[in-house]
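Tertiary structure, described
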Amino acid sequence: MGNIISLRNIVVEFDGEQILKNIDLDIKDKEFVTFLGPSGCGKTTTLRIIGGILTPNSGDVMMDGKRINDLPPHKRDVNTVFQRYALFPHLNVYENIAFGLRIRR
């Protein structure tokens, strides 16, 4: 089975400080991956890189073997459900989760 998501040598810097340092990650089809660590260790930053919300300073984001660094978030086959602040208050939990799927049909 090939990798559906690969990160190669991902570097992210904020205000001159390296947050992610040469991160490599492979996620295979049907694999369940959990990012676990203390606040500030780079979990959310890594997810933002995969989703296209944040662009790495260097390195490659690959999906199904294709480099997607320049592909905007709305054209990636990735969905994000934010923990806070980005939920639609007029929708219930199910409707918030289903919103992106409904848009993509």
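One structure accompanies this document, and this report is about it. (Residues numbered from 1 in each chain as written. Predicted model: local features only at pLDDT ≥ 70, side-chain atom pairs only at ≥ 80, totals over all residues. Heavy atoms only, no water.)

Side note on the pairing of strand 3 (residues 58–63)
Worth spelling out the cut-off: Any two strands are treated as partners once DSSP identifies two or more bridges connecting them. Strands here mean DSSP runs of E at least two residues long; helices mean DSSP runs of H or I at least four residues long; both are numbered from the N terminus.
Pairing geometry for strand 1 (residues 3–14) and strand 3, over 5 bridges, is antiparallel. For leucine 7, the partnering residue across the bridge sits in strand 3 and is valine 61. Pairing between strand 3 and strand 4 (residues 66–67): 2 bridges, direction antiparallel. Bridging from a neighbouring strand, methionine 62 pairs with arginine 67 of strand 4.

Some points on the sheet that holds strand 2 (residues 17–28)
What counts is decided by this rule: Residue contacts follow a heavy-atom distance rule, with two residues in contact if any of their heavy atoms lie within 4.5 Å. To obtain an axis, a line is fitted to C-alpha atoms, over the contacting stretch when the element is a helix, and the angle between two such axes runs from 0 to 180 degrees between their N-to-C directions.
On the basis of which strands lie adjacent, the open sheet formed by 4 strands has the order 2-1-3-4 and antiparallel pairing. This sheet does not close on itself; its edge strands, each paired only once, are strand 2 and strand 4. The sheet contacts of helix 1 (residues 43–51) involve strand 1, strand 2 and strand 3, and relative to strand 1 the element is tilted by about 120 degrees.

Notes on the side chain of serine 6
Using the following cut-off: Residue burial is assigned from relative accessible area. The probe radius is 1.4 Å, only protein chains are included, and a residue is buried under 20% of its type maximum, exposed over 50%, and partly exposed in between. Polar contact is defined as a pair of N or O atoms within 3.5 Å, subject to the rule that within protein one atom must be able to donate a hydrogen and the other to accept it, and that residues adjacent in sequence are counted only when both atoms are side-chain atoms.
With respect to the secondary-structure elements, serine 6 resides in strand 1. The exposure class assigned to serine 6 is buried, which follows from its relative accessible area of 7%. Reaching out from serine 6, the side chain makes a polar contact with the side chain of asparagine 3 at a distance of 3.4 Å. Discounting residues that sit within four places of it in the chain, serine 6 has contacts with Leu25, Asp26, Asp60, Val61 and Met62.

Side note on the side chain of threonine 45
With respect to the helices and strands, threonine 45 occurs in helix 1. Classification of threonine 45 as buried rests on a relative accessible area of 12%. The contact partners of threonine 45, leaving out residues within four places of it in the chain, are Val12, Phe14, Ile19, Leu20 and Leu54.

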